[in-house]
Amino acid sequence: MATTTAALITPKTRGRTAAPAVPRKRRKVEGVYYFFLLPSLILFSLAITLPAVVGIFFSFTNSIGFGDWEFIGLINYIALFSDPAILQSYLFTFGFATVTVLAVNVLAFLLAVGLTSRIRFKTALRTIFVIPMVISGIVIAFVFNFLFSNSVPALGQALGIGWLSESILANPDLAWVAVVIVTAWQAIPGTLLIYIAGLLSIPGDVYEAAELDGAGKRQQLLRITLPLVAGYVVINVILGFKNFLNAYDIIVGLTNGGPGTSTRSIAMTIVTGFTGGDYAYQMANATIFFVIVVAISLIQLRLTRGRNVF
């Protein structure tokens, strides 16, 4: 009995030819790649992974960093949640990081818009604005410490401005402002470069079409520029927040955590504890801080997953 081809075509396959499934072969990785990866993996494990694991282990002990120690379980972790100095350092660090991220991104974006517009000497201005990026944080902190402690009060006295005649570094309520100013001054150049790259990637035809439609500069900024550089904003916020949570050198050179402990960050609290005989206690603090940072990073990756950031 003859069977026609048309009779074998079902309604689902009629009109198209079913291609045979071809099994995909998994590409074999050459052994030489693992050979070049091995040195980096060993160095990373010895310098970062192994010390982290050892530190987490000692966070469950009463070790002072050397000598004998005993396993004490979760006592260090329980004590952290009732320590006002630890809670103050977390409150300051997260508040400082949030305010600095906002200040840096707003100022860097406005500068990037200005430095990519049709102005004279924009290349030279870009070079000038990037200079703070290549200066050591501790050097910047010492310079601003002198300015806030001597030059600014002298200027305030000369102008007869009372609140400006005293150093804000000695004021527990205003010292954090100085930390934000100095940190932002150093962080703006890196953020600025990313925004400039984003603005230069926008085709000029988009703005020409907007001008023909009667859109002003303000409307172009809000309805064209901001949406098209949204991915760059996300990257700058993620990188900035991560870096500011680890603030240390500028705070040490500017206020050394003072007045009192009003500007002591988490990183500074941990390092100070290591040198003060609280090794196991501060290792527990470092472990909790690590878990918090990882959780924040996972949330940020979750929010940006599937988006065309660049």
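Small disclaimer: the values here were computed from a predicted structure and weren't measured. (Residues numbered from 1 in each chain as written. Predicted model: local features only at pLDDT ≥ 70, side-chain atom pairs only at ≥ 80, totals over all residues. Heavy atoms only, no water.)

(A) Structural view of the overall build of the protein chain. Each helix and strand counted, the protein chain has 13 helices and zero strands in total. The helix and strand sequence of the protein chain, counted from the amino end, reads α-α-α-α-α-α-α-α-α-α-α-α-α. Within the protein chain, contacts between residues at least 6 apart in sequence are counted, and of these 69% link residues at least 24 apart. Per element, the accessible surface of the protein chain, about 20,100 Å² overall, is 68% carbon and sulfur. (Helix = DSSP H or I, 4+ residues; strand = E, 2+ residues; numbered from the N terminus. Contact = heavy atoms within 4.5 Å. Areas by Shrake-Rupley, 256 points an atom, 1.4 Å probe, with all protein chains shown as cover.)

(B) The environment of tyrosine 90, seen in detail. Relative to the assigned elements, tyrosine 90 resides in helix α4 (residues 84-115). Tyrosine 90 gets classed as buried once you look at its relative accessible area, which sits at 14%. In sequence terms tyrosine 90 and phenylalanine 289 are 199 residues apart; their C-alpha atoms lie 8.9 Å from each other. In this structure tyrosine 90 touches Ile266, Asn285, Ile288, Phe289 and Ile292, once residues within four positions along its chain are discounted. (Buried < 20%, exposed > 50% of the residue type's maximum accessible area, 1.4 Å probe, protein only.)

(C) Region of the structure containing the packing of aromatic side chains. All chains considered together, the criterion is met by 16 aromatic pairs. Ring centres of phenylalanine 57 and tryptophan 69 lie 5.6 Å apart, and the angle between their planes is 90°; on these two criteria the pair is classed as edge-to-face. Of the two residues, phenylalanine 57 is situated in helix α2 (residues 31-58) and tryptophan 69 in the loop between α2 and α3 (75-80); the sequence distance between them amounts to twelve residues. Judged by relative accessible area, which is 40%, phenylalanine 57 ranks as partly exposed. Classification of tryptophan 69 by relative accessible area gives partly exposed; the value is 36%. Ring pairs connect the aromatic residues Phe57, Phe58, Trp69, Phe274 and Tyr279, which therefore count as one cluster. (Phe/Tyr/Trp six-rings, centres within 6.5 Å; stacked < 30°, edge-to-face > 60°.)

(D) Summary view of helix α9 (residues 217-228). A rise of 1.5 Å per residue sets the reference length of α9, with its twelve residues, at 16 Å; its end C-alpha atoms lie 15 Å apart and thus fit the reference within 8%. Listing the buried residues of α9 in full gives Gln220, Ile224 and Thr225. Buried residues of α9, viewed axially, fall in a sector of 85°; they line one side. Facing away from the buried side of α9, by more than 90 degrees, are the exposed residues Arg218 and Arg223. For α9, the secondary structure elements touched by its buried residues are α4, α7 (175-200) and α8 (204-212). (Expected span 1.5 Å × (residues − 1). Arc of directions from axis to C-beta.)

(E) Summary view of the environment of glycine 114. Counting through the fold element by element, glycine 114 comes out in helix α4. On a C-alpha basis, the gap between glycine 114 and isoleucine 196 in space is 9.7 Å, while along the polypeptide they are 82 residues apart.

(F) Layout of the confidence of the model for the protein chain. Here the protein chain averages 84 in pLDDT, and 89% of its residues register 70 or above. Across the protein chain, the secondary-structure element scoring lowest on mean pLDDT is helix α1 (residues 5-8), at 45, and the one scoring highest is α4, at 93. Between residues 1-14, whose pLDDT stays under 50, and residues either more than four places distant or in other chains, the model counts two contacts. (pLDDT = per-residue confidence, 0-100.)

(G) Spotlight on the environment of glutamine 220. Tracing the sequence through the fold places glutamine 220 in helix α9. Looking at glutamine 220, the relative accessible area reads 5%, which means it is buried. Taking the C-alpha atoms as reference points, glutamine 220 and valine 206, separated by 14 residues in sequence, lie 9.3 Å from one another. Leaving out residues up to four positions away in the same chain, glutamine 220 has contacts with Tyr207, Ala210, Glu211, Ala215 and Thr225.

(H) Geometry of the side chain of threonine 100. Inspection of the secondary structure assignment puts threonine 100 in helix α4. The exposure class assigned to threonine 100 is buried, which follows from its relative accessible area of 0%. Engagement of the side chain of threonine 100 in a polar contact is seen with the backbone oxygen of phenylalanine 96, the distance being 2.6 Å. Ignoring sequence-local partners within four residues, the contact set of threonine 100 consists of Val180, Thr183, Ala184 and Phe244. (Polar contact = N/O pair within 3.5 Å; in protein donor to acceptor, adjacent residues only side chain to side chain.)

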